[in-house]
Structures are given as C-alpha cells and as structure tokens.
Amino acid sequence: MFGRRRSGERRREAALADVPPGPLRDFLSTPFPAPGSPVGEVPLLAVDVETTGLDTERDRVLAVGWVPVDGSTIDLSGAQRRTLGMRMEVGESATVHGITDDALAGGAVPRAVLEELLEALAGRVLLAHHAAIEIGFISAACQRVYGAPLVVSSVDTLALQRRVVTEGIDALAEPLPGTLRLWAARERYGLPRYRAHEPLTDALACAELYLAQVAELSLRSSRPLTLKGIQRS
C-alpha cells in the first residue's frame, strides 16, 4: 500500500512535467500530504458533484460543492457551492438534483469554477463518498479545459464504511445491500438526514461521516491512524 501512495506522488510529478502553465499546473505544483501524516493533521476537501448522468465522456457537471476538513475540524468558512453556467437541457436528471435549465443559464463560467475548485484542493486530499465519481468528472473537465487529467490524493468514505462494517468479520462477508450508501452510513452514527443531491449539503454530510468513521477506526486501532491507513480499500 505504501508503494501505491508513493506511486501517486510520482504520478503527480510526472503529470506536472506535461501540463502547461495554468491552474492545473499550479495545483500539481503543491505536493500531496505525506502518507504517514496522522489523520488529525491531514487537510482534506470534501467534494460532491451533481451531473447529468454517470458517463464522464458524455455527461457534464451541473453543480459542485466543497468544504475543507482540517484534521478533525470542518471549516465551514471555506464551504462553497457553484452552479455551472451552460446552455443545455438538463432532462430527466433534474428530477434527482433539482437543478433547472434556468439555474444553469445563470450559473458561473465552468472554467472559472474548475479553477476555484483546484485552488481550494491544492495541498489537500480529496474526500468523497464513492470518490471515483467526483474524481472521474473533475478529471474529465481538466482534460477538456487543460488538456491533461487530474492526479489527486483521495479518501473514499464508501470504502471506509465497508471497512467499518466488515473489519474483524470473515473476509468473504459482504455488507447488507444499501448499508454503504451515504445516508445509511450516517445512520450508524446518529447523524441527521439532510436533503440529498444538493452538492454542498452532500459534501458536508460526507465530511461529518468521515470524522465519525475516523473516530471509530482510531478506537479500534492499537497504533495512531495515518493517512495511509485510511486510504486502503
């Protein structure tokens, strides 16, 4: 696992060499937090995206929310939510996220939103529930705008929840269907249920779940929990 963390840093350095000056290069110029960092010192950015679908090549990001997590503290002063301005029909996905065509028409310039997000993410670990979705869409946007994909350090609260509910059980055991979903995972800790599919709210919900998961895993561990320890799937 440590080798994979080191390879992530090497991928960052390799990507940096091929990216032209601009926001993505500025982001890649900042090293990732060290794998051995205690979780209480790790800076993260909880991120959630709302999209037109799940295909990163065909679908697009409609809105994004993020909130910084500094060790064990959620920094609400850094919380942001942006709707991306674009001329398109949202279609049936509006029934899920509630983002209308009118809202998109008055949204921010997508390139500017991406730049703002990369600035907020610099030097931090991306935190998300089922992080592959957020990483995939942000990376696809970087590819279109900057000609290069996103390389990022990440923590996935879905993977952490799988670990929480299966650690110490037969390795072949599988969690019950639905128990790894964000809102079901929060119920384990008595966390409140917010309105789903609102990007800033979902990012905050992910951040709160992360702190609860880390607290439980820390109590179970005989050694101090590190970033490397929570990045394993």
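In what follows, the structure referred to is the one given above.
Residues numbered from 1 in each chain as written. Predicted model: local features only at pLDDT ≥ 70, side-chain atom pairs only at ≥ 80, totals over all residues. Heavy atoms only, no water.

## Here we look at the nonpolar core
Thought 1: Counting 32 residues, the largest nonpolar core has Leu24 and Leu126 as the members making the most contacts within it.
Thought 2: Only α1 (2-18), α2 (23-28), β1 (43-51), β2 (61-70), α5 (110-121), β5 (125-128) and α6 (131-146) provide two or more residues apiece to this core. (Core = buried A, V, L, I, M, F, W, Y, C linked by side-chain atoms within 4.5 Å. Buried < 20%, exposed > 50% of the residue type's maximum accessible area, 1.4 Å probe, protein only. Helix = DSSP H or I, 4+ residues; strand = E, 2+ residues; numbered from the N terminus.)

## Some details on the environment of Val49
Thought 1: Its place among the elements puts Val49 in strand β1.
Thought 2: Taking relative accessible area as the criterion, Val49 reaches 7% and is therefore assigned buried.
Thought 3: In the structure, Val49 is positioned 34 residues away from Thr83 in sequence and 9.9 Å away in space, judged by C-alpha atoms.
Thought 4: With residues near it in sequence (within four places) discarded, Val49 still touches Val61, Ala63, Val64, Ile133 and Glu134. (Contact = heavy atoms within 4.5 Å.)

## Considering the packing of α5 against α6
Thought 1: Interaxial distance between α5 and α6 falls to 11 Å at its minimum, and their mutual angle equals 120°. One element, α5, and the other, α6, form an angle in the oblique class. Crossing of α5 against α6: the hand is left-handed. Contacts between α5 and α6 involve Arg111, Leu114, Glu115, Leu117 and Leu118 from the first element and Ile138, Ala141, Cys142, Val145 and Tyr146 from the second. (Axes fitted to C-alpha atoms, helices over the stretch in contact; angles between N-to-C directions. Parallel < 35°, antiparallel > 145°, perpendicular 65-115°, else oblique. Left-handed = near helix turned anticlockwise from the far one by under 90°.)

## Points about the side chain of Glu134
Thought 1: Along the chain, Glu134 turns up in helix α6.
Thought 2: An unpaired buried charge is present at Glu134: no salt bridge exists, and Arg181, the closest side chain of opposite charge, is 13 Å distant.
Thought 3: When neighbours within four sequence positions are excluded, Glu134 is seen to be in contact with Val47, Asp48, Val49, Ala128 and His129. (Lys, Arg positive; Asp, Glu negative; His and termini not counted. Salt bridge = Lys/Arg side-chain N within 4 Å of Asp/Glu carboxyl O.)

## Examining the environment of Thr73
Thought 1: Of note, Thr73 is situated in strand β3 (residues 73-74).
Thought 2: In the structure, Thr73 is positioned 134 residues away from Ala207 in sequence and 9.3 Å away in space, judged by C-alpha atoms.

Keep in mind these numbers describe shape, not what the thing actually does.
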